[in-house]
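Understanding the architecture of this molecule
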Amino acid sequence: METLSENRCFGGVQGVYRHRSDACSCDMTFGLFLPEETGDGPVPLLWYLSGLTCTHENAMTKAGAQAWAADHGIALCFPDTSPRGEGVADDPEYDMGQGAGFYLNATQKPWTPHFRMWDYLAEELPTILDNGFAIDPDRQAITGHSMGGHGALTLAMSLPGRFRSVSAFSPICNPTDSDWGRKQFEGYLGSVEAGRAHDASLLMRESGFDGPVLVDVGTRDDFWDLLRMDTLADAMTARRQQGQLRLQEGYDHSYFFVSSFIADHLAFHAEALWA
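Description of the structure in this document. (Residues numbered from 1 in each chain as written. Predicted model: local features only at pLDDT ≥ 70, side-chain atom pairs only at ≥ 80, totals over all residues. Heavy atoms only, no water.)

Considering all chains together, one arrives at 13 salt bridges under this definition. The salt bridge partner of glutamate 2 is arginine 18, with a shortest N-O separation of 2.9 Å. With glutamate 2 in strand β1 (residues 2-9) and arginine 18 in strand β2 (residues 12-21), this residue pair connects regions lying 16 residues apart in the sequence. Exposure remark for glutamate 2: the relative accessible area of 39% places this residue in the partly exposed category. (Salt bridge = Lys/Arg side-chain N within 4 Å of Asp/Glu carboxyl O. Helix = DSSP H or I, 4+ residues; strand = E, 2+ residues; numbered from the N terminus. Buried < 20%, exposed > 50% of the residue type's maximum accessible area, 1.4 Å probe, protein only.)

Its place among the elements puts serine 50 in the loop between β4 (43-49) and α1 (57-62). Sequence-distant contacts of serine 50, that is, excluding residues within four places in its chain, are made with Thr55, Ala59, Thr81, Tyr103, His145, Met147, Gly148 and Tyr255. (Contact = heavy atoms within 4.5 Å.)

Before going further, it helps to examine helix α9 (residues 255-273). The periodicity of an α-helix, 3.6 residues per turn, causes residues three or four places apart in sequence to face the same way. In α9, a bend of some 45° at phenylalanine 261 exceeds every other bend along the element. Of the residues making up α9, those classed as buried are Tyr255, Phe257, Val258, Phe261, Ile262, His265, Leu266, Phe268, His269, Ala270, Ala272 and Leu273. Its side-chain oxygen 3.2 Å from the backbone nitrogen of phenylalanine 256, serine 254 forms the N-cap of α9. (Bend = angle between axes of the 7 residues up to and from the residue. Polar contact = N/O pair within 3.5 Å; in protein donor to acceptor, adjacent residues only side chain to side chain.)

It is worth spelling out the packing of helix α2 (residues 65-72) against α9 at this point. For any two helices packed against each other, one specifies the crossing angle of their axes together with the interaxial distance. The N-to-C vectors of α2 and α9 enclose an angle of 30°; their axes lie 9 Å apart at closest approach. Classified by the angle their axes make, α2 and α9 are roughly parallel. Helix-helix and strand crossings are classified by hand; for α2 and α9 the assignment is right-handed. Judged by residue contacts, Ala65, Trp68, Ala69 and His72 of α2 engage Ile262, Ala263, Leu266, Ala267 and Ala270 from α9. Tallied by class, the residues present in the contact of α2 with α9 amount to eight nonpolar, one polar and no charged. (Axes fitted to C-alpha atoms, helices over the stretch in contact; angles between N-to-C directions. Parallel < 35°, antiparallel > 145°, perpendicular 65-115°, else oblique. Left-handed = near helix turned anticlockwise from the far one by under 90°. Nonpolar A, V, L, I, M, F, W, Y, C, P; charged D, E, K, R; others polar.)

Ranked by size, the top nonpolar core spans 63 residues in total, and within it Leu129 and Tyr188 carry the most contacts. The residues contacting leucine 129, other than those within four sequence positions of it, are Phe30, Leu32, Leu45, Trp47, Cys77 and Ile135. Of all hydrophobic cores here, the second largest spans 24 residues; its members include Phe33, Leu46, Tyr48 and Tyr255. (Core = buried A, V, L, I, M, F, W, Y, C linked by side-chain atoms within 4.5 Å.)

Right, let's talk about the packing of aromatic side chains for a bit. All told, the structure shown has 11 aromatic pairs when counted by the stated rule. With 5.2 Å between their ring centres and 55° between their planes, tyrosine 17 and phenylalanine 133 make a pair best called tilted. Of this pair, tyrosine 17 sits in strand β2 while phenylalanine 133 is found in the loop between α3 (117-132) and β6 (135-144), placing the two residues 116 residues apart along the sequence. With respect to burial, tyrosine 17 and phenylalanine 133 carry one shared label: buried. (Phe/Tyr/Trp six-rings, centres within 6.5 Å; stacked < 30°, edge-to-face > 60°.)

Here it is as structure tokens:
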């Protein structure tokens, strides 16, 4: 693993690292914030999954999460959103290809060789963090924004016992019935039907999450119709899921929105992680 940078940050260290990924068959880069408490032993970890067109850098530099993570003694991991590099398939549209991995394992060409973000996040990167840093594998939580909110919710519900809590900012909630999902499932998986296993609203109805859930969305979100928040709200109600879905008056889809409520999300996860 190659260290690209390490900077002092709120008493801890914000690092950026690159490694060869067996899952994605290319080099992958991630950001990792470690609070000063890692000097005394392993700390809890919050995963942050980013949205379409993003890299590991967006939330790392825009969300302002490190200050609150430092207050709670929690590490933050900022993975990339997709495989990248020469030889990795891409698409001229922003919502397919590099920057749009959708946190799944592709089964269709030309995506199959590299687009295995599910395996990367469910298996490979957690192992790297557990073995290389002072991270507690038994105290982890997950959050994300937009496409990353979709990934956070689906990973949390599909891996029972892995995460103590899950939250999301403006998540894609019902991708099998949205233009942010149907196109990608057909391209990456061969059919919309194959994407049912990656639909947060369907998973919520079928199994729910074995812990607390927090979802925030702005009432002026530019992509409201694509997110399908109503389907997740209905599914949470039907499932009687422990959690909150909050509509934040006047906020949009940007990182101004995320940074406005990131403190709430860190406090929410800290309560579960330190319980």
